[in-house]
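Below are the chains, spelled out letter by letter.
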Amino acid sequence: MLFISIVVGNVAVIAALMLSKTRKSRTNFFIMHLALADLSVGLISVLTDIVWKSTVSWNAGNVGCKAVRFAQVLVTYSSTYVLVALSIDRYDAITHPMNFSGSWRRARRLVLVAWLLSAVFASPSLVFFMEARVDGAIQCWIDFPEAWQWKLYMTLVALSVFLFPTVIITACYAIIVYTIWSKSKIMTVNSKALGSKNGEKRGGHHEDDSRRASSRGLIPKAKIKTVKMTLVIVFVFILCWSPYIVFDLLQVYGYVPQSPTNVAVATFIQSLAPLNSAANPIIYCLFSTHICRNLSSSSTTKPLPRPHLKRPYLDKCAEAVTLKG
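Residues numbered from 1 in each chain as written. Predicted model: local features only at pLDDT ≥ 70, side-chain atom pairs only at ≥ 80, totals over all residues. Heavy atoms only, no water.

Peer 1: Now, about the overall build of the chain: what can you tell me, with residues and values included?
Peer 2: Across its full length, the chain holds 13 helices and two strands. Taking as baseline every contact in the chain between residues at least 6 positions apart, the subset at least 24 positions apart corresponds to 79%. (Helix = DSSP H or I, 4+ residues; strand = E, 2+ residues; numbered from the N terminus. Contact = heavy atoms within 4.5 Å.)

Below, the structure written as structure tokens:
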């Protein structure tokens with residue numbers, strides 16, 4: 001069920017973005033890469049685990065062990081770091097709006113850095129994972145002889161895949177919320193002062209001047225809606241990943257003893273991390289990013305009705321063209 005929901009949801013998002021005829025935006029660019037990373041989680045990580053659990057033992061050889069584990073870790077990191085890149089992009093859009101326009105090159109660099117960092121953090125998998133006999137069956141495994149090595153490895157994984165990204169994302173959104181709050185407060189004060197001043201001088205024209213003046217410090221509603229959507233994505237990311245990271249750290253540090261019950265709990269908690277990749281497409285649709293609308297309209301495209309213009313209107317248009325000529 002997790003695999004189907006990840007694949008169907010993210011394929012729908014990618015198809016909707018590709019079929020969209022509207023103006024391309026940086027947000028959709030980041031969502032496309034996030035959907036590609038989430039789809040890869042389903043196809044590479046979850047599907048491999050399903051096949052592996054059905055065969056019990058590892059049957060792909062030592063090279064396959066290293067390659068598959070590297071790919072699994074790569075897509076896991078990419079899903080996280082593309083989200084970090086999206087948060088940095090939203091931070092830049094809100095705090096530096098004048099320097100933000102036309103920054104497509106910067107957006108592409110952020111995504112490229114996110115994938116490169118994911119590859120760098122996944123590279124130890126090529127060294128540590130290997131075929132090993134565990135409980136009488138061949139498995140693709142990490143075999144650290146000392147307990148402190150396991151503790152060090154899991155601590156570094158927790159820092160790189162969860163803690164550091166969470167700190168960066170939280171810092172970005174703390175500044176974003178403060179910026180929106182401070183700008184809206186200044187805008188309200190300025191619009192009231194300008195409105196009362198213009199009301200004394202020009203009466204009916206004060207509303208237009210107030211709107212024009214207040215728009216200088218106004219953050220567009222579309223940007224605020226995008227920030228809200230990304231904030232929910234981040235919240236779901238923390239909600240899905242924190243139990244997995246906390247449980248693994250408690251287990252490796254010896255606070256969770258080995259028992260059949262704890263093994264079952266560990267299996268359930270490990271499924272919460274990929275659940276994040278299934279939840280993201282639902283969030284995209286809930287926040288009206290035109291993804292669901294584009295998908296539905298592309299499947300049922302109908303010709304637009306031609307407008308019925310009255311004859312006087314056509315005569316006026318012809319007269320205007322003649323005068324202009």
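Peer 1: Please set out the packing of aromatic side chains residue by residue, giving values where relevant.
Peer 2: This model, assessed by the stated rule, comprises 13 aromatic pairs. Note on phenylalanine 128 and phenylalanine 144: the rings are 5.3 Å apart at their centroids and 75° apart in plane angle, and the pair reads as edge-to-face. Placement of the pair is phenylalanine 128 in helix H6 (residues 125-128) and phenylalanine 144 in the loop between strand S2 (137-142) and helix H7 (147-201), with a sequence separation of 16 residues. On the basis of an interplanar angle of 85° and a centroid distance of 5.5 Å, the ring pair of tryptophan 241 and tyrosine 244 is categorised as edge-to-face. (Phe/Tyr/Trp six-rings, centres within 6.5 Å; stacked < 30°, edge-to-face > 60°.)

Peer 1: Tell me about the nonpolar core, residues and numbers included.
Peer 2: Ranked by internal contacts, the top residues of the largest apolar core, which has 43 residues, are Phe30, Leu83, Ile233, Trp241 and Tyr284. When contributions to this core are tallied by element, the ones reaching two or more residues are helix H1 (2-19), helix H2 (26-55), helix H3 (61-95), helix H5 (104-122), H7, helix H9 (221-252) and helix H11 (272-286). Ranked by residue count, the leading element in this core is H9, at nine residues. Aside from chain neighbours lying at most four places away, what touches tryptophan 241 is Thr76, Val161, Phe162, Ala273 and Asn276. Within the second largest apolar cluster, 10 residues are counted, among which are Phe129, Cys140, Phe144 and Tyr153. (Core = buried A, V, L, I, M, F, W, Y, C linked by side-chain atoms within 4.5 Å. Buried < 20%, exposed > 50% of the residue type's maximum accessible area, 1.4 Å probe, protein only.)

Peer 1: Describe the pairing of S2, naming the residues involved and giving the relevant values.
Peer 2: Note that strand S1 (residues 129-134) and S2 share six bridges and pair antiparallel. Opposite alanine 132, over in S2, you have glutamine 139 as the bridge partner. Between the antiparallel neighbours S1 and S2 lie two residues, among them aspartate 135 with a positive phi of about 55°. (Pairing = 2+ DSSP bridges.)

Peer 1: Please provide a residue-by-residue account of the pattern of salt bridges, values included.
Peer 2: Going through the model one piece at a time under the given rule, you end up with two salt bridges. Here aspartate 89 and arginine 90 are joined by a salt bridge, their closest N and O atoms 2.7 Å apart. Of the two residues examined, aspartate 89 and arginine 90, each falls in the buried class. Among the salt bridges present, the one from arginine 106 reaches aspartate 92, with a minimum N-O distance of 3.0 Å. (Salt bridge = Lys/Arg side-chain N within 4 Å of Asp/Glu carboxyl O.)

Peer 1: Before we move on, can you summarise helix H10 (residues 260-270) with the specific residues and values?
Peer 2: Buried within H10 we find Asn262, Ala266 and Ile269. For H10, the angular spread of the buried residues around the axis is 65°, confining them to a single face. Turned more than 90 degrees off the buried face of H10, the exposed positions are Pro260, Thr261 and Phe268. (Arc of directions from axis to C-beta.)

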